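Listed below, chain by chain, are the residues.
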Amino acid sequence: HIDFSIILYLCNFIFCYRQRPIIRSTMNRVLSSKTAGAGRLPALRRAPSARSPAGLQVAAMANRGGSTLRAGLVSPAQRMMHGSITNNARRAFTAGPLKAVPAPNKNMTEANTTPTKDILETFQRADAVCFDVDCTITTNDGLDLLAEFMGVGAECEALTTKAMDGTMDLSESLEERLNIINCTPEHVKKFIKTYPPETRVVEGVKSFITALQSRGIKVYLITGGFRELMLPIARYLNVPTENVFANRMMWQWDEVTMMPTKLVGFDDSEPTSRNQGKPEAIARIRDRNPYNTVVMIGDGATDLEAVQIDGGADMFIGYGGVIVRPAVKEAADWYVTDYAILESALKRFKVTMIGSGAWACAAMTLASYNARRENSTGLFSEEIHMWVRERDVEGGKLTDVINKTHQHPRYLPGVDLGPNVVANPDLLSTVKDADVLVFCAPHQFVRGICKQLVGKVKRDAIAVSLIKGMHVRAEGPQMISEMISRYLNIDCSVLMGANIASGIAAKELSEAVIGYNDRQHATLLKKLFETEYFGITLVRDVAGAEMCGTLKNIIALGAGMVDGLGMGPNTKSAILRKGLDEMRRFSQALYPSIRDSTFLESCGVADLISTCYGGRNRLVAMEYTKSVMEGKSTSFDELEEKLLKGQKLQGVLTSNEVQEILVKKGWQQEYPLFTTINAIVNGKLSPKDVTRHVQACRTLLASSGDQKQAAKSESGDKKMPMRAPLTLTMTS
């Protein structure tokens, strides 16, 4: 009779023993001290398929009682047939029943140099890529090269080959090679100086790793080599040291100098010091990070183990650019000999511009520059399509002229948009298969555009709005980004800032803000638009950034009226200050989550200043004021047609939309500058009333009775609260 609790205890101990390297190391020491000649506990091994008579891959470890503990191994072929295991199951990394795994189908593996659709998609959605180092990132084995440096290269190379082919235990191989090398710290320093990283890395790997990192894919180095030799390589490749899993040399320290003097072995608590340590390292990575897909790249049998143990990688790419190991090549999900193949297979984001006005063209100069291969890491597809409303211009159809000259002759003449820009008059074909949709059309047209695009865009596409305006509905105002998100069911960020098109086209120093909900999307968009002269700050405040960009056009009308009246900087600065205050209070009344600090970013005060000194709203308002003061009859519509050459004036339309909200809620008197500017553009007040907007607003409301009517219609609304003080808490 055996007590059942003892069985449970033993099972739990065995599980912990396989899981924890510290327990493993402790048990080795205990057994070594108590059992003469017993040596180390045997490592959990996998018999490679190349050596299995039945073509089966099995793993077994004999315990001291004579029974067998088996680990379930899953081959790449099995994963392709049965689908990937769940994330929780992968992380479990537990022992399971013995599984017989058929040898890979030779007809299938002959073609594994060309990935299947499933393999390619798995690679492209990787969250992290783990690299072996020796003979994968470097052109040689680091320890073998150190051995050659020490004059014992031949002896060590034979042991390395056995470990990589799976015919010798990795721990045993490492121990024997270190005993043969017998180096000192000074030898290691001289070795690193003699063989700097740039002379050792494989051609194309640095470019490939940079391309991965530019996409936000995390890179790890998991190697059976030694940390002392690997860290210079990691620094050269810009891989953080905390992302390096490697063995550590152990040194004897001089009692007098307190300096390391003699190599005495290696730290066997590191997972990479033994067979099946690489899947254990990946399991640790998964425990610390919410990665869905992890890819392992390597040249040897210990690298292949990463996908053959639960909790390891989801895919194994064999690399044979330095040495080809037949068993590894046969079992790999994908086998390559050139990193250029992997880099070219990375996902490239197709970008589409919806709109072709002056600001759209200026933004296109930024995006097309960053998409061209000579300026990027291949993150974006080089060709960018731009939707253009077709019309006849001098020289033929507008799209033909743009595609021939790479310039927009109407809105941004003389400015090169980029040789990789393709103008397209058909909206649906322009957005087909696009990953990034850039909206930059007059805001009154966006609803109609979105209706055409429903069901026509990729489900995993993202959008960014460069549009400054809002849509007023019976149930309340709707921001353009919100409209895009709801119609197309995709995430939409905004790019707002002091962005006058002519200045950006001239490559003058400019900046903007990307307001985002998803930081990963914002980071991608930043890479699309940021240049050395166009800086971008990320702000987690979509509504705040967009409201700033929308409302500043109203204040720009007031600034233009001040200029038209011939007033000086004192008056203009007073209008700007009052305007910024009303912008902030109105925005936070509609969207209480908007931050005060957003108004101090480029999308706020900077955009307000630039628009009030150089924007088209200011220009048209100034000319309107001059005409009125001279007794000439004119309108904003006439001046828009005359001065803007087909571009749309957003300030008047936005003013009417904001005023509709103020009237509906009974807030006109709380926003006297907004109310007065709207009355002026609609001919109810004179432009000179902008300088006495508080009194003018009060007189207007008293004479018209609008305030009373609004109060009646909105009896359920509470009066607008008094403004809160502006807090200067900056965010990034």
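One numbering rule holds for all chains: residues counted from 1, following each sequence as written. Local features in this predicted model are restricted to residues of pLDDT 70 or higher, and side-chain atom pairs are both shown and tallied only at a pLDDT of 80 or more, whereas totals for entire chains, interfaces and linings draw on every residue. With hydrogens and water stripped out, all remaining heavy atoms of the structure feed into the side-chain values.

Enquirer: Describe the overall build of the protein, and please don't skip the residues or the numbers.
Expert: Helices and strands together make up the secondary structure of the protein, namely 32 helices and 24 strands. Sorting the 732 residues of the protein into buried and exposed places 54% on the buried side. Carbon together with sulfur atoms contributes 52% to the accessible area of the protein, which is approximately 32700 Å² in total. Comment: elements are numbered from the N terminus, with helices defined as DSSP H or I runs of at least four residues and strands as E runs of at least two. When a residue's accessible area, from a 1.4 Å probe over protein chains only, is under 20% of the maximum for its type it is buried; when over 50% it is exposed; and in between it is partly exposed. Calculation of accessible area relied on Shrake-Rupley with a 1.4 Å probe; when residues are assessed, cover is drawn exclusively from the protein chains displayed.

Enquirer: Which residues make up the packing of helix α24 (residues 542-564) against helix α25 (residues 569-590), and what values go with them?
Expert: The geometry of α24 relative to α25 is characterised by a closest axis approach of 9 Å and an angle of 155° between their N-to-C directions. The orientation of α24 with respect to α25, classified from their angle, is roughly antiparallel. Both α24 and α25 take part in a crossing whose hand is right-handed. Seen from α24, the contacting residues are Met-547, Cys-548, Leu-551, Lys-552, Ile-555, Gly-558, Ala-559, Val-562 and Asp-563; seen from α25, they are Thr-571, Lys-572, Ile-575, Leu-576, Gly-579, Met-583, Phe-586, Ser-587 and Leu-590. Amino acids are sorted into nonpolar (Ala, Val, Leu, Ile, Met, Phe, Trp, Tyr, Cys and Pro), charged (Asp, Glu, Lys and Arg) and polar (every other residue, Gly among them). Its residues assigned to classes, the contact of α24 with α25 comprises 11 nonpolar, four polar and three charged. Orientation is described by axes fitted as lines to C-alpha atoms, over the contacting stretch for helices, and by angles from 0 to 180 degrees between their N-to-C directions. Working rule for angles: under 35 degrees goes down as roughly parallel, over 145 as roughly antiparallel, 65 to 115 as roughly perpendicular, anything else as oblique. Helix crossings get a hand from a simple test, with the near helix turned counterclockwise from the far one by less than a right angle marking a left-handed crossing and a clockwise turn marking a right-handed one. A contact between two residues is defined here by any heavy atoms of the two lying within 4.5 Å.

Enquirer: Mind laying out helix α13 (residues 277-288), listing which residues take part and the relevant values?
Expert: By this rule, a helix spans an expected 1.5 Å times one less than how many residues it contains. With 12 residues, α13 extends 17 Å from end C-alpha to end C-alpha; this agrees with the ideal 16 Å at 1.5 Å per step. Those residues of α13 that sit buried are Gly-277, Lys-278, Pro-279, Glu-280, Ala-281, Ile-282, Ala-283, Ile-285 and Arg-286.

Enquirer: Any details on the sheet that holds strand β18 (residues 436-439)? Residues and values, ideally.
Expert: One open sheet holds the eight strands; their spatial order is β17-β14-β13-β18-β19-β22-β23-β24, and the pairing between them is mixed. Lying at the two open borders of the sheet, with one neighbouring strand each, are β17 (421-424) and β24 (534-539). Going across the sheet, the axis of each strand differs from the next one's by a mean of 25°, ignoring polarity. By the convention used here, strands pair only if DSSP detects at least 2 bridges between them. Note that strand β19 (residues 462-465) and strand β22 (residues 491-498) share four bridges and pair parallel. What sits directly across from Ser-465, in β22, is Val-494. Along the sheet face, helix α17 (residues 358-371) touches β13 (351-354), β14 (384-387), β17, β22 and β24 and points at about 170° away from the line of β14.

Enquirer: Which residues make up the sheet that holds strand β11 (residues 315-319), and what values do they have?
Expert: In spatial order, the strands read β7-β6-β5-β10-β11-β12; together these six strands make up an open sheet with parallel pairing. Of all the strands in the sheet, just β7 (244-247) and β12 (334-336) have a single pairing partner and so form its edges. Going across the sheet, the axis of each strand differs from the next one's by a mean of 20°, ignoring polarity. Docked against the sheet, helix α6 (residues 117-124) engages β10 (294-298), β11 and β12, running at close to 95° with respect to β11.

Enquirer: Report on the environment of Gln-668, specifying residues and quantitative values.
Expert: Counting through the fold element by element, Gln-668 comes out in the loop between α29 (650-665) and α30 (672-681). Residues Gln-668 and Cys-697 lie 29 residues apart in sequence; the distance between their C-alpha atoms is 8.0 Å.

Enquirer: Can you explain the pairing of β22? Please cite residues and give values.
Expert: Burial of β22 is extensive: seven of the eight residues sit out of reach of the surface. Of the strand pairs in this sheet, β22 and strand β23 (residues 510-515) are connected by five bridges, and their pairing is antiparallel. Residue pairing across strands places Val-494 opposite Gly-515, the latter belonging to β23.

Enquirer: Go over helix α7 (residues 142-149), please, and point to the residues and values.
Expert: For α7, the tally of buried residues reaches six of eight residues, placing the bulk of the element in the interior. What α7 keeps buried is the set Gly-142, Leu-143, Asp-144, Leu-145, Leu-146 and Ala-147. Throughout this description, a polar contact denotes any pair of N or O atoms lying within 3.5 Å of each other; where both atoms belong to protein, one of them has to be capable of donating a hydrogen while the other can accept it, and for residues adjacent in sequence the pair is counted only when both atoms sit in side chains. For α7, the side-chain oxygen to backbone nitrogen distance between the N-cap and Leu-143 is 2.9 Å, and the N-cap itself is Asp-141. Among the residues trailing α7, Gly-151 stands out with phi positive, at a value near 90°.

Enquirer: Give a description of the side chain of Thr-676 that names residues and reports values.
Expert: Checked against the element boundaries, Thr-676 lands in helix α30. For Thr-676, a relative accessible area of 0% corresponds to the buried category.

Enquirer: Any details on the pattern of salt bridges? Residues and values, ideally.
Expert: By definition here, a salt bridge exists when the distance from a side-chain nitrogen of Lys or Arg to a carboxyl oxygen of Asp or Glu is within 4 Å. All chains considered together, the criterion is met by 22 salt bridges. Asp-607 is paired through a salt bridge with Lys-468; the nearest N and O atoms lie 3.2 Å apart. With Asp-607 in helix α26 (residues 602-614) and Lys-468 in the loop between β19 and β20 (470-473), the pair connects residues that are 139 residues apart, well separated along the chain. Overall, Asp-607 belongs to the buried group, its relative accessible area being 1%. Ionic pairing is found between Arg-692 and Asp-689, a salt bridge with its closest N-O pair at 2.9 Å.

Enquirer: I'd like a rundown of the environment of His-471, residues and numbers included.
Expert: For His-471, the location among the structural elements is in strand β20. What His-471 contacts, discounting residues up to four positions off in sequence, is Arg-447, Gly-476, Pro-477, Gln-478, Met-483 and Glu-657.

Enquirer: Give me the state of the cysteines: which residues, what numbers.
Expert: By definition, disulfides here are pairs of cysteine sulfur atoms that lie within 2.5 Å. On inspection of all chains with the given rule, the structure shows zero disulfides. Cys-492 takes part in no disulfide bond, and the closest cysteine sulfur to it belongs to Cys-450, at a distance of 8.5 Å. Take Cys-492: its relative accessible area is 1%, and that puts it in the buried class.

Enquirer: Tell me about the nonpolar core, and please be specific about residues and values.
Expert: Formed by 56 residues in total, the largest nonpolar core has its most connected members in Phe-131, Ile-137 and Ile-297. Not counting chain neighbours up to four residues away, the residues in contact with Ile-297 comprise Val-129, Cys-130, Phe-131, Asp-132, Thr-136, Phe-208, Phe-316, Ile-317, Tyr-319, Tyr-339 and Leu-342. Put simply, a nonpolar core is a bunch of buried Ala, Val, Leu, Ile, Met, Phe, Trp, Tyr and Cys residues held in one set by side-chain atoms that sit within 4.5 Å of each other. Cys-612, Tyr-624, Leu-673 and Leu-685 belong to the second-largest nonpolar core, a separate cluster that totals 55 residues.

Enquirer: An account of the packing of aromatic side chains is needed here, citing residue identities and associated values.
Expert: Between rings of Phe, Tyr and Trp, where Trp is taken as its six-membered ring, a pair exists when centres lie within 6.5 Å; planes separated by under 30 degrees are stacked, by over 60 edge-to-face, and by other angles tilted. In this structure the tally under the stated criterion is 17 aromatic pairs. Plain terms: the ring middles of Phe-149 and Tyr-195 are 6.5 Å apart, the flat faces sit at 80° to each other, and that makes the pair edge-to-face. Of the two residues, Phe-149 sits in helix α7 while Tyr-195 sits in the loop between α10 (185-194) and α11 (205-214), which places them 46 residues apart along the sequence. In this structure Phe-149 comes out as partly exposed when scored by relative accessible area, which is 29%. An aromatic cluster is defined as three or more aromatic residues linked by ring pairs; in this entry it consists of Phe-123, Phe-131, Phe-208, Tyr-319, Trp-334 and Tyr-339. Over the face of the ring belonging to Phe-445 we find Arg-389, whose NZ or CZ atom lies 5.2 Å from the ring centre. Two limits define a charge over a ring: the Lys NZ or Arg CZ must be within 6 Å of the ring centre, and within 35 degrees of the ring normal.

Enquirer: For the packing of α29 against α30, give the residues involved together with the corresponding values.
Expert: Interaxial distance between α29 and α30 falls to 9 Å at its minimum, and their mutual angle equals 125°. With respect to α30, the axis of α29 lies oblique. Taken as a pair, α29 and α30 cross one another with a handedness that is left-handed. On α30, the residues that touch Val-652, Ser-655, Asn-656, Val-658, Gln-659 and Leu-662 of α29 are Phe-674, Thr-675, Asn-678 and Val-681. Grouping the constituent residues of the contact of α29 with α30 by class yields five nonpolar, five polar and no charged.

Enquirer: Give me unusual backbone geometry: which residues, what numbers.
Expert: The backbone of Asp-433 sits at a positive phi, close to 65°, despite the residue not being glycine. You can see Asp-433 is positioned in the loop between α19 (427-431) and β18. On the basis of relative accessible area, Asp-433 is assigned to the partly exposed category, the value being 46%. Non-glycine residue Lys-507 carries a positive phi angle of around 60°. Within the secondary structure, Lys-507 is located in the loop between α22 (501-505) and β23.

Enquirer: Go over the environment of Ala-367, please, and point to the residues and values.
Expert: Considering the arrangement of structural elements, one finds Ala-367 in helix α17. Judged by its relative accessible area of 3%, Ala-367 is buried. Residues Ala-367 and Lys-527 lie 160 residues apart in sequence; the distance between their C-alpha atoms is 8.8 Å. The residues touching Ala-367, leaving out its near neighbours within four places in the chain, are Ile-384, Leu-528 and Phe-529.

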